[in-house]
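Summary of structural features
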Amino acid sequence: MDFPSLKLSVVGGRPFSHGGNKLHRDKLLLKRYGVRDMNASAGSICRAALGTPEDHVVVILAHNGPTGLGSQAEDICGRDWFDEGGDHGDPDLEQALRQLKETTELSVPLVVFGHMHKELEGGKGNRKMVVEDSDNKVLYVNGAIVPRVIEINETPVGAAEPESGGTVRAFTLVEILDGKIKKVVESWVQVTGSVAKIVEDMTLFEDVT
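Residues numbered from 1 in each chain as written. Predicted model: local features only at pLDDT ≥ 70, side-chain atom pairs only at ≥ 80, totals over all residues. Heavy atoms only, no water.

1. Quick look at the sheet that holds strand β8 (residues 167-177)
Using the following cut-off: If DSSP finds at least two bridges between two strands, the strands pair. Helix and strand labels come from DSSP, where a helix needs a run of H or I of at least four residues and a strand needs a run of E of at least two; each type is numbered from the N terminus. Axis geometry follows a simple rule: fit a line to the C-alpha atoms, using only the stretch in contact for helices, then measure angles between N-to-C directions, giving values from 0 to 180 degrees.
With antiparallel pairing, 4 strands are arranged side by side in an open sheet as β7-β8-β9-β10. A single partner strand is all that each edge strand has here, and the edge strands are β7 (149-151) and β10 (195-206). If you compare each strand with its neighbour and ignore which way they point, the axes differ by 25° on average. As paired elements, β7 and β8 share 3 bridges and run antiparallel to each other. Counterpart to Val149 in the pairing with β8 is Arg169.

2. Describing the confidence of the model for the chain
Do not read the predicted coordinates in detail wherever pLDDT is low. Rules: Think of pLDDT as the predictor's per-residue confidence, scored from 0 to 100.
Chain-level statistics for the chain give a pLDDT mean of 92 and a share of 95% at 70 or above. Within the chain, strand β6 (residues 139-142) carries the highest mean pLDDT (98), whereas helix α1 (residues 26-33) carries the lowest (91).

3. Examining the sheet that holds strand β5 (residues 130-132)
Rule in force here: Contacts are residue-level and defined by heavy atoms, with any inter-residue pair within 4.5 Å sufficient.
Ordered in space as β1-β2-β3-β4-β6-β5, the 6 strands form an open sheet in which the pairing is mixed. Single-partner strands in this sheet number two, and they are β1 (2-3) and β5. In this sheet, strand β2 (residues 8-12) lies alongside β1 in antiparallel orientation, the contact comprising 2 bridges. Its bridge partner being in β2, Asp2 is matched across the sheet by Ser9. Lying on the sheet, helix α3 (residues 91-103) is in contact with β3 (57-61), β4 (107-113) and β6; it crosses β4 at an angle near 170°.

4. Some remarks on α3
Using the following cut-off: To estimate how far a helix should extend, the number of its residues minus one is multiplied by 1.5 Å. For the exposure calls, accessible area comes from a 1.4 Å probe over protein chains only, and a residue counts as buried if that area is under 20% of its type's maximum, exposed if over 50%, partly exposed in between. The reported arc concerns the directions from the helix axis to the C-beta atoms and nothing else.
With 13 residues, α3 should reach 18 Å at 1.5 Å per residue; the first-to-last C-alpha distance of 18 Å fits that figure. By the burial criterion, the buried members of α3 are Asp92, Leu93, Ala96, Leu97 and Leu100. Buried residues of α3, seen end-on, are gathered within an arc of 135° and therefore sit on one face of the element. Looking at α3, the residues exposed on the side facing more than 90 degrees away from the buried face are Glu102 and Thr103. Looking at the buried side of α3, the elements it contacts are α2 (38-50), β3, β4 and β6.

5. A closer look at the domain arrangement of the chain
How big an interface is tends to be expressed through the accessible area that disappears when the partners come together. Keep this limit in mind: Segment limits for the domains were obtained from an automatic or database-derived domain assignment. Summed over both partners, buried area is the accessible surface (1.4 Å probe) that two parts give up on being assembled. By definition, a salt bridge exists where a carboxyl oxygen of Asp or Glu is found within 4 Å of a side-chain nitrogen of Lys or Arg. Two N or O atoms form a polar contact when they lie within 3.5 Å of each other; inside protein one atom must be a possible hydrogen donor and the other a possible acceptor, and for residues adjacent in sequence the pair counts only when both atoms belong to side chains.
Domain assignment breaks the chain into domain 1 (2-144) and domain 2 (147-208). Taken over C-alpha atoms, the centre of domain 1 sits 24 Å from the centre of domain 2. In this complex, domain 1 contributes 13 residues to the contact, which on the side of domain 2 involves 10 residues. With both chains or domains summed, domain 1 and domain 2 bury close to 850 Å², and 72% of this area falls on carbon and sulfur atoms. When the buried surface of domain 1 facing domain 2 is broken down by residue, Val130, Leu139 and Gly143 rank first, second and third, together holding 37% of it. There are 1 salt bridge connecting domain 1 and domain 2. Between Glu186 and Lys118 there is a salt bridge, with the nearest N and O atoms lying 2.7 Å from each other. Here domain 1 is connected to domain 2 by 2 residue pairs in polar contact (both at pLDDT 80 or more). Residue assignment for the side of domain 1 that touches domain 2 shows that the elements contributing at least two residues are β3, β4, β5 and β6. It is β4 that provides the largest number of residues to the side of domain 1 that touches domain 2, a total of 3 residues.

Structure representation (structure tokens):
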């Protein structure tokens, strides 16, 4: 999807992903997208990105993140349900991103996804939700805060004590300026009737240059 007024395009990753190296909903993927394996999926993502306007910044929006971002349980796509951890990212997304980086001049500063919950299995703490690649050109953001909506008598860790009634809702906000990621914030918003107010902002990333 292109947003000409913002000079921004959003390119989708593979839908129905559960993470790992296995395709899920393989019959539907084949019928609707012509994708029968990981290589075909990577190719589909690349073609979509190459179809964006030349002067646009490209944001990749996927259900699950790519492989290659760590194999510890607390890593952004790490397996937290096994003691030994493991990388549970999507190999086709990693392949597509690598190919775009190596063979094109496209600006892809942001990859956004979810699936892997912030709170680790068994109460082992929280997952890393933001990772910057080694050459500081791509920021990976996991937005899977679960539950995203909390009844007012429950309070998310770190949030101020809410007022009575309504809900508290989580949002992940990304600020982009001139094609560069400037800030990522986890924001909790209290909604009471028709009134909404921020009760907690946690900065996950900030470019201070």
